[in-house]
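These are the residues of each chain, in order.
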Amino acid sequence: MYPVWSLAATALGWGTAIMGREAAMACTEAVETEIGGHYNEQVRVLLDMEEQMEKSGQEIGEELKELLQTIRRIRDEELEHLDHAVQNDAKEAVPHSLLTGVIRAGCRGAIWVSERV
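Because the structure is predicted, anything quoted here is derived from the model rather than measured.

With that settled, the discussion passes to unusual backbone geometry. Excluding glycine, a negative phi dihedral is what most residues carry, and trans is how most peptide bonds are arranged. Here Val94 and Pro95 are connected by a cis peptide whose omega angle stands at -5°. Inspection of the secondary structure assignment puts Pro95 in the loop between helix H3 (62–87) and helix H4 (96–116). The residue Asp89 is not glycine, and still its phi comes out positive at about 75°. Assignment of secondary structure puts Asp89 in the loop between H3 and H4. Its relative accessible area of 33% is what places Asp89 among the partly exposed residues.

Turning to the packing of helix H2 (residues 21–55) against H3, a few remarks are in order. The contact between H2 and H3 brings their axes to 8 Å, and the two run at 155°. Judged on the interaxial angle alone, H3 and H2 are roughly antiparallel. Pair H2 / H3 crosses with left-handed handedness. Residues that form the contact of H2 with H3 fall into these classes: 17 nonpolar, seven polar and seven charged.

Evaluated as defined, the whole model comprises ten salt bridges. Put simply, Lys91 and Glu29 hold a salt bridge, and the shortest N to O gap is 2.5 Å. With Lys91 in the loop between H3 and H4 and Glu29 in helix H2, the pair connects residues that are 62 residues apart, well separated along the chain. The closest approach of N and O atoms between Glu41 and Arg44, which form a salt bridge, is 3.1 Å. Residue Glu41 and its partner Arg44 are located together in helix H2, separated by three residues, close to a single helical turn. The exposure class of Glu41 is partly exposed, given its relative accessible area of 39%. Looking at Arg44, the relative accessible area reads 44%, which means it is partly exposed. Via salt bridges that share partners, Glu34, Arg104 and Arg108 belong to a single interconnected network.

Here is what the cut-offs are and how they apply
- Residues numbered from 1 in each chain as written.
- Predicted model: local features only at pLDDT ≥ 70, side-chain atom pairs only at ≥ 80, totals over all residues.
- Heavy atoms only, no water.
- Helix = DSSP H or I, 4+ residues; strand = E, 2+ residues; numbered from the N terminus.
- Buried < 20%, exposed > 50% of the residue type's maximum accessible area, 1.4 Å probe, protein only.
- Axes fitted to C-alpha atoms, helices over the stretch in contact; angles between N-to-C directions.
- Parallel < 35°, antiparallel > 145°, perpendicular 65-115°, else oblique.
- Left-handed = near helix turned anticlockwise from the far one by under 90°.
- Nonpolar A, V, L, I, M, F, W, Y, C, P; charged D, E, K, R; others polar.
- Salt bridge = Lys/Arg side-chain N within 4 Å of Asp/Glu carboxyl O.

Below is the structure:
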């Protein structure tokens, strides 16, 4: 799916950039909101897994600990992008709600497809 997502991201980036700086920042805001939420869900699943393993007396391997640490780090980086977008006039995009709503729906769809392919 990578080539499809890469093409979609490029088109979205160029399309919103043509609309103006605020629209590009709104695009970043929308994408990073959804991606941050997706990473948070992955962290929750892994923490639940750890908890179940601890309850059953299983040892939590280094791989799981490293995976959790990596996902948290990446999530935090993505949320920094979100903060940057908001601080740089993302909310000034016209029409902000429509633009971010459509982009967020597209991101949710991409996540849904990626989880199933």
